[in-house]
Amino acid sequence: MVSPGDSELMLLALSEARGAAEAGDVPVGALLVRDGAVITRAGNRTLRDQDPTAHAEVLVIRDAAAQLNRWRLDDCTLYATLEPCAMCAGAIVLARLRKVVFGAWDEKAGMAGSVGDVLRHPRLNHRPEVLGGVLADDCAALLRDFFAVKR
């Protein structure tokens, strides 16, 4: 169930996504939250950095682990504007995130139920709570508008 707090935090992730778009990158934003406070936030940097791993989700996981000086982020929640891909879903599982909240579904690469479900795969040792579709229309519109200009 979506809480007002989830929507407010997704709005912050959308702000990061807009920043990525303004810089010419694919508009995906993410933030990591612990005890109700935002630890870190980022937008995609794959094109700017020429780094295929510089997805917003991976960037916030890396930064939070450095700030907290630990790789287990089991008391943290990730907010992302797009359903995580396989790489990001793998990083989420390895970081032991407590919960993942995302906006738009990704029918081409999503690994939280669209194409596959790495996050809740029964054979993996960790499965975060997952909430999808938070401000989905706003998140999807940002991506749709970005790619409409590119095509």
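For clarity, every value in this text was computed on a predicted model and none was experimentally measured.

**Structural notes on the sheet that holds strand 5 (residues 129–131)**
At step 1: Here five strands make up an open sheet; going across it, the order is 2-1-3-4-5 and the pairing mixed. Each edge of the open sheet is held by one strand with a lone partner, namely strand 2 (37–43) and strand 5. Neighbour-to-neighbour, the strand axes of this sheet turn through a mean angle of 15 degrees, independent of strand direction.
At step 2: Relative to strand 5, strand 4 (residues 99–104) runs parallel, the two sharing three bridges. Across the sheet, the residue bridging to K99 is E129, located in strand 5.

**With respect to the packing of aromatic side chains**
At step 1: Tallying each qualifying case throughout the model produces two aromatic pairs.
At step 2: Plain terms: the ring middles of F102 and W105 are 4.8 Å apart, the flat faces sit at 85 degrees to each other, and that makes the pair edge-to-face.
At step 3: Consider the rings of F146 and F147, whose centres lie 5.1 Å apart with planes at 85 degrees: the pair is edge-to-face.
At step 4: Exposure remark for F146: the relative accessible area of 11% places this residue in the buried category.

**A word on the pattern of salt bridges**
At step 1: Overall, the coordinates contain eight salt bridges when judged by the stated rule.
At step 2: One salt bridge connects R34 with D75, and the closest N-O pair in it is separated by 2.7 Å. Pair noted here: R34 is in strand 1 (residues 29–34) and D75 is in the loop between helix 3 (56–68) and strand 3 (76–82), with a separation of 41 residues, a long-range link.
At step 3: Residue D75 is classed as partly exposed on the basis of its relative accessible area of 26%.
At step 4: Note that R45 is salt-bridged to D49, the shortest N-O span being 3.0 Å.
At step 5: Note on D49: relative accessible area 38%, which makes it partly exposed.
At step 6: Through salt bridges with shared partners, a single ionic network connects R34, R70, D74 and D75.

**Structural notes on the nonpolar core**
At step 1: In this structure, L32, L73, L78, L97 and L119 are the most contacted members of the largest nonpolar core, which totals 42 residues.
At step 2: Ignoring anything within four residues of it in the chain, the contact list for L73 reads L32, I61, A64, A65, L68, A95, R96, L97 and R98.

**Quick notes on the environment of D138**
At step 1: One can find D138 in helix 5 (residues 136–150).
At step 2: Along the backbone, D138 and G110 are 28 residues apart, and their C-alpha atoms lie at a distance of 17 Å.

**As for the environment of V134**
At step 1: Relative to the assigned elements, V134 resides in the loop between strand 5 and helix 5.
At step 2: When the C-alpha positions of V134 and L14 are compared, they lie 11 Å apart, and in sequence the two are 120 residues distant.
At step 3: Sequence-distant contacts of V134, defined by excluding residues within four places in its chain, comprise V2, D6, S7, M10, V101, F102, G103 and C139.

**Description of the packing of helix 1 (residues 4–22) against helix 5**
At step 1: Running from amino to carboxyl end, helix 1 crosses helix 5 at an angle of 5 degrees, the nearest separation of the two axes being 10 Å. Between helix 1 and helix 5, the angle falls in the class roughly parallel. On helix 5, the residues that touch M10, L14, A17, R18 and A21 of helix 1 are D138, C139, L142 and F146.

The rules behind these values
- Residues numbered from 1 in each chain as written.
- Predicted model: local features only at pLDDT ≥ 70, side-chain atom pairs only at ≥ 80, totals over all residues.
- Heavy atoms only, no water.
- Pairing = 2+ DSSP bridges.
- Helix = DSSP H or I, 4+ residues; strand = E, 2+ residues; numbered from the N terminus.
- Axes fitted to C-alpha atoms, helices over the stretch in contact; angles between N-to-C directions.
- Phe/Tyr/Trp six-rings, centres within 6.5 Å; stacked < 30°, edge-to-face > 60°.
- Buried < 20%, exposed > 50% of the residue type's maximum accessible area, 1.4 Å probe, protein only.
- Salt bridge = Lys/Arg side-chain N within 4 Å of Asp/Glu carboxyl O.
- Core = buried A, V, L, I, M, F, W, Y, C linked by side-chain atoms within 4.5 Å.
- Contact = heavy atoms within 4.5 Å.
- Parallel < 35°, antiparallel > 145°, perpendicular 65-115°, else oblique.

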